[in-house]
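Summary of structural features
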Amino acid sequence: MPTGPNPADFAVVRATNLAVVLRHVHANAPCSRADIAAETGLNKATVSSLVADLIDRRLLRETGLTERRIGRPATMLVLDGEPYVALGIEVNTDYLSLSAIDLGGARVLSWRRSFDGLDSTASRAATAIAALARRAAARISRQDRRIIGLTVGVPGLVTPAGVVANAPNLAWSDVDLTGALRSALGNPAYPVTVENDANLGAIAEYRYGVAAGHPDLAYLTGELGLGAGILIGGRLVRGSSGAAGEIGHVEVVPDGPLCGCGRRGCLEAVAGTAAIVRRIDPDNTDEALRDLDPEVAEIARRARAGDKVVVAALNEIGGHLGKGVAILANVLNPSLIVLGGHYVPLAEWLLPSAQAELAKRVLAPDAGGARLAVSELAHSAAASGGAASVLDAVDYAKLSV
Ligand SMILES: [Zn+2]
């Protein structure tokens, strides 16, 4: 019996090659057909035929000509990807936010809605998250586009299997949020992933924010809780069980104020947003601090007006933050540490003392090159990072069949 390749084998080879070309353009766009051939080892005629196919499917598009130093000008290719949309949703104590970004990197939707995370059970939360995702999906499919994945960020420890092991500020423990979402969404064809919110914030800052060009970075959430997302060499550091980056629970003030985790003097208990609000406004009777936006805006207003008590408090809190991030800088040597969330409007008064404390406590000269920066994505960081993580994980082989 002849044992040569059959047509099915050729189809598999072609799908693989389509995926190779897409991945190459994703990583190197804009690039020409000749660049793709030279760098993938596929021959030029094959690349031309694969590219034609991908343009037909609106996965690639041609952009202008580029002057080449050698040879004729070449037509450059970029990802089109307009029909393929990634969703990211952030769950927080007082809001849900959603970002939809297409495969070409264009922002399709950016929503924020209030959400009572403090009083929602995990199953009620799953229903609310799924409802938001369905609304976005309906809007997107009316535009003749298709969802290619959803990543949901939560403020808590998430296991590699997508189980929320512990989210203290939401009072969730051991919640299979991935399973609950999949079933609330009717087992969709696209992948559904759950990830720690700080991790997603770090990805967003690297892809779309102030940390572009900084593959070694830490991102501090600055929501009701305080966690760090860490990228080293552009890759997330999750740790063995997903528990890396809990900088909020290192002790910075021995025998200091009680922390939500039950210990004393944690960074979160002295420099988390709730700690800042309680420190500056001790008469605040809202025990749970449901909506931090107006409280933080008021603190920023008083600081801007020159209120000495507020400025001194923020200066001291900045010093605590500096102590905390110095630990990250000594251990990981990032080039950038980004303050996100509610730290953004307060950064002007927190940063100088934080940067000074950082310089004082890091062994390497000049804090090992670590600089503090302020997020420009603010409360949309984790949702954008969710969409970005879907785009990073796109299985081009599936997309191109
Ligand atoms: Zn703690």
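These remarks concern the structure in this document. (Residues numbered from 1 in each chain as written. Predicted model: local features only at pLDDT ≥ 70, side-chain atom pairs only at ≥ 80, totals over all residues. Heavy atoms only, no water.)

1. Brief notes about helix α8 (residues 273-280)
The buried fraction of α8 amounts to 6 of the 8 residues, a majority that puts the element mostly inside the structure. Among the residues making up α8, those that are buried are T273, A274, A275, I276, V277 and I280. (Buried < 20%, exposed > 50% of the residue type's maximum accessible area, 1.4 Å probe, protein only. Helix = DSSP H or I, 4+ residues; strand = E, 2+ residues; numbered from the N terminus.)

2. With respect to the pattern of salt bridges
If you walk through the whole model with that rule in mind, you get 15 salt bridges. When the shortest N-O distance is used, the salt bridge between R58 and D80 registers 4.0 Å. Here R58 is found in the loop between α3 (44-56) and β2 (60-66), whereas its partner D80 is found in the loop between β3 (74-79) and β4 (84-91), with 22 residues between them in sequence. Its salt-bridge partner being D307, residue R302 comes within 3.1 Å of it at the nearest N-O pair. Judged by relative accessible area, R302 falls into the partly exposed class, the value being 23%. (Salt bridge = Lys/Arg side-chain N within 4 Å of Asp/Glu carboxyl O.)

3. Things to note about the coordination of the zinc ion
Distances from the zinc ion to its protein donors, H249 (ND1), C259 (SG), C261 (SG) and C266 (SG), fall at 2.0 to 2.3 Å. Given 4 donor atoms and angles of 105 to 120° at the metal, the environment of the zinc ion is assigned as tetrahedral. Going along the chain, you hit the donors of the zinc ion in the pattern H-x9-C-x1-C-x4-C. Here C266 lies in the loop between β14 (235-236) and α7 (267-271) and H249 lies in the loop between β14 and α7, a separation of 17 residues in the sequence. (Donors = N, O, S within 2.8 Å, 3.2 Å for Na, K, Ca; no water. Tetrahedral: all angles 85-135°; square planar, octahedral: opposite > 155°, others 65-115°.)

4. Looking at the nonpolar core
Formed by 43 residues in total, the largest nonpolar core has its most connected members in L220, L314 and L358. Listing elements by their share of this core, those giving two or more residues are β12 (217-220), β13 (228-232), α7, α8, α9 (292-304), α10 (308-332), β15 (336-339) and α11 (347-361). Counting residues per element, this core draws most heavily on α10, which supplies 9 residues. The residues touching L314, leaving out its near neighbours within four places in the chain, are I276, I280, I299, A303, L346, W349, L350 and S353. (Core = buried A, V, L, I, M, F, W, Y, C linked by side-chain atoms within 4.5 Å. Contact = heavy atoms within 4.5 Å.)

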